[in-house]
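Here is what each chain is made of, one letter per residue.
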Amino acid sequence: MASFFKFDELGTNYKRETLAGLTTFVSMVYILFVNPNVLSASGMDKGAVFTATAFATAIGCFLMGIIANYPIAISTSLGMNAFFAYSVCVGMKIPWQTALAGTFVAAIIFIIITAFKLREMIIDAIPSDLKSAIAGGIGLFIAFLGLNQGGLVVADKSTLVTLGSFHVGTTWLTIFGLIVAIVLMSAKVPGSIFISMVATAILGMFTHLIPVPSQWVASIPSVKPVFLAGLTHIGEINTLQMWVVVFTFLLVSFFDTAGTLVGLAEQAGFVKNNKIPRVGRALAADSASMLTGSLMGTSPMGAFVESSAGIAVGGRSGFTVIVTGILFILGTFFSPLLGVITDQVTAPALILIGMLMAQSLKNIHWERFEIAAPAFLIVLGMPLTYSISDGIALGFVAYPISMIAAKRGKEVNPFMYALGVVFLIFFWVLNE
């Protein structure tokens, strides 16, 4: 085992890797409870999504650990599950079964383009500024969702949105959880988000704002309501609108995983001469995980930035995420906690993840207007249109226009001109 995971070469051992795996698990286990909450907005069964998330995450971790030997965990992407539930299912009124079929088709294309190395070519075609804008925009969108679900920001006829009421007890649960999370994150405490969720849930039960469950451990919820739904509804991917959804799943997953992989590889010290060793294997593991997740019954998956917590305590090999995957399987026995993890408990997690993702905005060259304009449209467009895809579309249409106006049209990759046309069609389809 030690030889397979190259412990000596990587300067690590079982104790350090196991601790790193546990740390990564504690840092990202909130996804077990947040993902069902988010996807339930599309009409999906919470218990089934809980089980699907756990097993899809475990399989993703096993694939990354065994194929690429990286301490990088894979699970359902928060940005993509929000797009899946709120933009596709709620906004476009597409049934969740059809959306899962879209995820399945996107995963198949993902695997094909990864095998032919087209994935790297397309990623390279998109300017780094716009990649950073997409990550930052998704962060603002997720944070806005959290603020709304937690009661801190509510709808208003006069001003569209306004500050929520502080006379509502559950709103104070969100505030409490947010303060705890900020304090713990600032103190660099491992598993800060998970700890804040536990603390908020306990306070909610103590103050009777959250009902106390009759049991804490139970049999694993059936995954049947969502299992293979994407495969059986693949025939419904027969409209231009659905192909735009598939393309968006594909596009956003590109940036999410690519950026996370690069950042985590740099943190772990894997990057040599601006190259990431075994990156092809990592991308293959990621693509296979997305396919597995779509079959299990969950939205697109990708590398999890919380893996940085495990890397920070010494995780250097795939054994780290093997441990993480095993712990996710064990976590399926705690489904009764789904009733305890309310919107107010998960809202601070969404806000904090949004804060972390917004850090990428520092990489945008704001002093160059031809870059700043499309980047700003992406960042602002996502939360204000309540759609990740609309935000991307706004920026990708504006980018070639602003670059041509700045007499820098020759610097624009042909792929970007094509994407601009694709997203113009995207707007036309959405407004049919």
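What counts as what
- Residues numbered from 1 in each chain as written.
- Predicted model: local features only at pLDDT ≥ 70, side-chain atom pairs only at ≥ 80, totals over all residues.
- Heavy atoms only, no water.
- Helix = DSSP H or I, 4+ residues; strand = E, 2+ residues; numbered from the N terminus.
- Rg over C-alpha atoms; globule rule 2.2 N^0.38 Å.
- Buried < 20%, exposed > 50% of the residue type's maximum accessible area, 1.4 Å probe, protein only.
- Areas by Shrake-Rupley, 256 points an atom, 1.4 Å probe, with all protein chains shown as cover.
- Lys, Arg positive; Asp, Glu negative; His and termini not counted.
- Charge placed at Lys NZ, Arg CZ, Asp CG, Glu CD.
- Expected span 1.5 Å × (residues − 1).
- Contact = heavy atoms within 4.5 Å.
- Pairing = 2+ DSSP bridges.
- Core = buried A, V, L, I, M, F, W, Y, C linked by side-chain atoms within 4.5 Å.
- Axes fitted to C-alpha atoms, helices over the stretch in contact; angles between N-to-C directions.
- Parallel < 35°, antiparallel > 145°, perpendicular 65-115°, else oblique.
- Left-handed = near helix turned anticlockwise from the far one by under 90°.
- Patch = residues over 30% accessible without salt bridge, like charges linked within 9 Å, V, L, I, M, F, W, Y side chains within 5 Å.
- Salt bridge = Lys/Arg side-chain N within 4 Å of Asp/Glu carboxyl O.
- Nonpolar A, V, L, I, M, F, W, Y, C, P; charged D, E, K, R; others polar.

(A) Summary view of the overall build of the protein chain. The secondary structure content of the protein chain amounts to 19 helices and four strands. Relative to the compact-globule value of 22 Å for 432 residues, the protein chain shows a C-alpha radius of gyration of 21 Å, a close match. Taken over 432 residues, the protein chain has a buried fraction of 57%. Accessible area for the protein chain stands at about 17800 Å²; split by element, carbon and sulfur atoms hold 68% of it. Between the centroid of the 21 positive side chains of the protein chain and the centroid of its 19 negative side chains there is a distance of 6 Å.

(B) Highlighting helix α17 (residues 369–385). In this model, α17 (17 residues) spans 22 Å end to end at C-alpha, consistent with the 24 Å of a helix rising 1.5 Å per residue. If you check which residues of α17 are buried, you get Glu-370, Ile-371, Ala-372, Pro-374, Ala-375, Ile-378, Val-379, Gly-381, Met-382 and Pro-383. Downstream of α17 by a residue or two, Tyr-386 has a phi angle that is positive, lying close to 60 degrees.

(C) Fine view of helix α16 (residues 343–357). An ideal rise of 1.5 Å per residue puts 21 Å on 15 residues; α16 measures up with 20 Å between its terminal C-alpha atoms. Of all 15 residues in α16, twelve are buried, a share of seventy percent or more. For α16, the set of buried residues is Gln-344, Val-345, Thr-346, Ala-347, Pro-348, Ala-349, Leu-350, Ile-351, Leu-352, Ile-353, Gly-354 and Met-357. At its buried positions, α16 is contacted by α3 (31–39), α5 (78–91), α8 (128–149), α9 (169–186) and α10 (192–206).

(D) Spatial organisation of the pairing of strand β2 (residues 153–156). Where β2 lies against strand β3 (residues 160–163), four bridges are found, and the strand directions are antiparallel. Opposite Asp-156, over in β3, you have Leu-160 as the bridge partner. In sequence, β2 turns back onto β3 through a hairpin of three residues.

(E) Here's a closer look at the nonpolar core. Core analysis: the largest hydrophobic core is formed by 119 residues, its most contacted members being Tyr-30, Met-64, Phe-84, Met-197, Ile-392 and Phe-396. Of the residues forming this core, the biggest block, eleven residues, is contributed by helix α12 (residues 240–268). Look past the residues within four positions of Tyr-30 in its chain and what remains in contact with it is Leu-78, Ile-193, Phe-194, Met-197, Phe-304, Glu-306, Ala-349 and Ile-353. Formed by five residues, the second largest nonpolar core is a distinct cluster that contains Phe-5, Phe-7, Phe-319 and Val-323.

(F) Broad picture of the side chain of Thr-171. With respect to the helices and strands, Thr-171 occurs in helix α9. Aside from chain neighbours lying at most four places away, what touches Thr-171 is Gly-150, Gly-151, Leu-152 and Ser-165.

(G) Region of the structure containing unusual backbone geometry. Backbone geometry places Leu-160, a non-glycine residue, at a positive phi of 70 degrees. Within the secondary structure, Leu-160 sits in strand β3. The phi dihedral of Lys-407 is positive, around 60 degrees, even though this residue is not glycine.

(H) Region of the structure containing the packing of α3 against helix α4 (residues 46–68). Between α3 and α4, the shortest axis-to-axis distance is 9 Å and the interhelical angle comes to 135 degrees. Classified by the angle their axes make, α3 and α4 are oblique. Handedness of the crossing formed by α3 with α4: right-handed. Across the interface between the two elements, Ile-31, Leu-32, Phe-33, Asn-35, Pro-36, Asn-37 and Leu-39 from α3 touch Lys-46, Val-49, Phe-50, Thr-53 and Ala-54 from α4.

(I) The environment of Phe-84, seen in detail. As for its position among the elements, Phe-84 is in helix α5. Sequence separation of Phe-84 and Phe-270 is 186 residues, and the distance between their C-alpha atoms is 33 Å.

(J) Molecular detail of the side chain of Ser-299. Note on placement: Ser-299 falls in the loop between α13 (279–296) and β4 (301–303). What Ser-299 contacts, discounting residues up to four positions off in sequence, is Asn-35, Leu-39, Thr-76, Met-80, Asn-81, Phe-84 and Thr-103.

(K) Seen up close, a nonpolar patch on the surface. On the surface, Val-212, Trp-216, Val-217, Ile-220, Ile-326, Leu-330, Phe-333 and Phe-334 cluster together into a nonpolar patch covering about 720 Å² of accessible area. Relative to the helices and strands, Ile-326 is located in helix α15 (residues 319–330). Judged by relative accessible area, which is 43%, Ile-326 ranks as partly exposed.

(L) Region of the structure containing the packing of helix α2 (residues 14–28) against α15. Following both chains from N to C, one finds α2 and α15 inclined at 50 degrees, their axes separated by 7 Å at the closest point. Relative to α15, the element α2 lies oblique. Crossing handedness for the pair α2 and α15: right-handed. Between α2, through Tyr-14, Glu-17, Thr-18, Ala-20, Gly-21, Leu-22, Thr-24, Phe-25 and Met-28, and α15, the contact on the second element is made entirely by Phe-319, Thr-320, Val-323, Thr-324, Leu-327 and Phe-328. Here the residues of the contact of α2 with α15 are counted per class, giving nine nonpolar, five polar and one charged.

On their own, these measurements won't tell you what the molecule is for.
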